[in-house]
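Spelled out from the first residue to the last, the chains are:
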Amino acid sequence: MTARTTPPGGAAGKVKNGGTAGKVKNGGAAGKMKNGGAAGGVRNSSTQTKARKRALDILFEAELRETDPLVTLAERAADAEPPVRDYTRELVRGVNSHQDTIDGRIAEALAAGWSLARLPRVDRNLMRIAVYEIDHTTVPDAVAVSEAVGLVAQLSTDDSPAFLNGVLGTVVATKSSS
């Protein structure tokens, strides 16, 4: 039997910023960053961490605007400010092409009574990126989980890191060995 993950108090936590998963600023930045607005705060951000953050921005913006993520990706690439990295493109395209399977994996890992629609946008899209990395890339599972938890700690609710870690832990534990 698979362990189900429920955040403390049985809820995904209080959503900051007046009931949304974050304010969209500067062309689609997902969430309100802590630590003075520096992506990554005090720690140094790797190139792949920056690519993940940019992929999150694009997926978040596309969902918020109800547009195709590939259209949003093309718009952001045309803007080229900041530049869209190759790994960002891979993540957005991968999440987009495997979204039904990815969403199914996340839904199976959620506690009874929870749905993807109930999660904050930031959390939902970070889970999608992490599950894409876990199931479809050579990124070590622990790295994919750690990176997602690190970003959600900066961008979402106080309860989100533990919740995301639990859900992604279930996703990793139920990963097929094919």
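No experiment lies behind these values; they were computed from the predicted model shown. (Residues numbered from 1 in each chain as written. Predicted model: local features only at pLDDT ≥ 70, side-chain atom pairs only at ≥ 80, totals over all residues. Heavy atoms only, no water.)

Draft legend 1. Focus on the overall build of the chain. A tally of regular secondary structure across the chain gives eight helices and zero strands. Along its sequence from the N terminus, the chain presents helices and strands in the succession α-α-α-α-α-α-α-α. A burial count over the chain gives 46% of its 178 residues as buried. Contacts spanning at least 24 positions in sequence make up 70% of the contacts within the chain whose residues lie at least 6 apart. Carbon together with sulfur atoms contributes 51% to the accessible area of the chain, which is approximately 8600 Å² in total. (Helix = DSSP H or I, 4+ residues; strand = E, 2+ residues; numbered from the N terminus. Buried < 20%, exposed > 50% of the residue type's maximum accessible area, 1.4 Å probe, protein only. Contact = heavy atoms within 4.5 Å. Areas by Shrake-Rupley, 256 points an atom, 1.4 Å probe, with all protein chains shown as cover.)

Draft legend 2. Fine view of the nonpolar core. Among the nonpolar cores identified, the biggest contains 41 residues, and I106, M127 and L168 are the most heavily contacted of them. Those elements that provide at least two residues to this core are helix 2 (47–65), helix 4 (86–97), helix 5 (99–109), helix 6 (121–136), helix 7 (141–155) and helix 8 (160–173). In terms of residue count, the dominant contributor to this core is helix 6 (eight residues). If we ignore the near neighbours within four places in the chain, the residues touching L168 are M127, A130, V131, V145 and A148. (Core = buried A, V, L, I, M, F, W, Y, C linked by side-chain atoms within 4.5 Å.)

Draft legend 3. Spatial organisation of helix 8. Given a rise of 1.5 Å per residue, 14 residues ought to cover 20 Å, and the 20 Å separating the end C-alpha atoms of helix 8 matches this to within 8%. Residues of helix 8 that are buried include every one of S160, P161, F163, L164, V167, L168, T170 and V171, and no others. Residues of helix 8 that are buried in the fold lie against helix 5, helix 6 and helix 7. (Expected span 1.5 Å × (residues − 1).)

Draft legend 4. Looking closely at the confidence of the model for the chain. Looking at the chain, the pLDDT average stands at 80 and 74% of residues meet or exceed 70. Predicted confidence in the chain is weakest over helix 1 (residues 16–19), with a mean pLDDT of 34, and strongest over helix 6, with 98. Across residues 1–44, confidence stays below pLDDT 50; counting only partners more than four residues off in sequence or on other chains, it has 91 contacts. (pLDDT = per-residue confidence, 0-100.)

Draft legend 5. Structural context of the pattern of salt bridges. Counting across every chain of the model gives 14 salt bridges. The partner of E75 in a salt bridge is R65, with the nearest N and O atoms 3.2 Å apart. One end of the pair, E75, is in helix 3 (residues 69–79); the other, R65, is in helix 2, and 10 residues separate them in sequence. With a closest N to O distance of 2.7 Å, R128 and D103 form a salt bridge. With R128 in helix 6 and D103 in helix 5, this residue pair connects regions lying 25 residues apart in the sequence. For the pair R128 and D103, a shared accessibility class is recorded, and that class is buried. What you see here is one network of salt bridges that share partners, running through E61, R65, E75, R76 and D79. (Salt bridge = Lys/Arg side-chain N within 4 Å of Asp/Glu carboxyl O.)

Draft legend 6. Layout of the side chain of T72. Mapped onto the fold, T72 is located in helix 3. You can call T72 buried: its relative accessible area is 0%. Once residues within four sequence positions are removed from consideration, T72 is found in contact with I58, E61, A62, R65 and T67.

Draft legend 7. Representation of the packing of aromatic side chains in the model. Scanning the model with the defined rule gives one aromatic pair in all. Directly above the ring of W114 sits R118, whose terminal nitrogen or CZ lies 3.7 Å from the centroid. (Phe/Tyr/Trp six-rings, centres within 6.5 Å; stacked < 30°, edge-to-face > 60°. Lys NZ or Arg CZ within 6 Å of the ring centre and 35° of its normal.)

Draft legend 8. Fine view of helix 2. Between the first and last C-alpha of helix 2 there are 27 Å, a value that for 19 residues agrees with the 27 Å anticipated at 1.5 Å per step. Immediately beyond the C-terminal end of helix 2, within one or two residues, lies E66, with a positive phi of roughly 55°.

Draft legend 9. Quick look at the environment of E108. Mapped onto the elements, E108 comes out in helix 5. We classify E108 as exposed; its relative accessible area is 53%.

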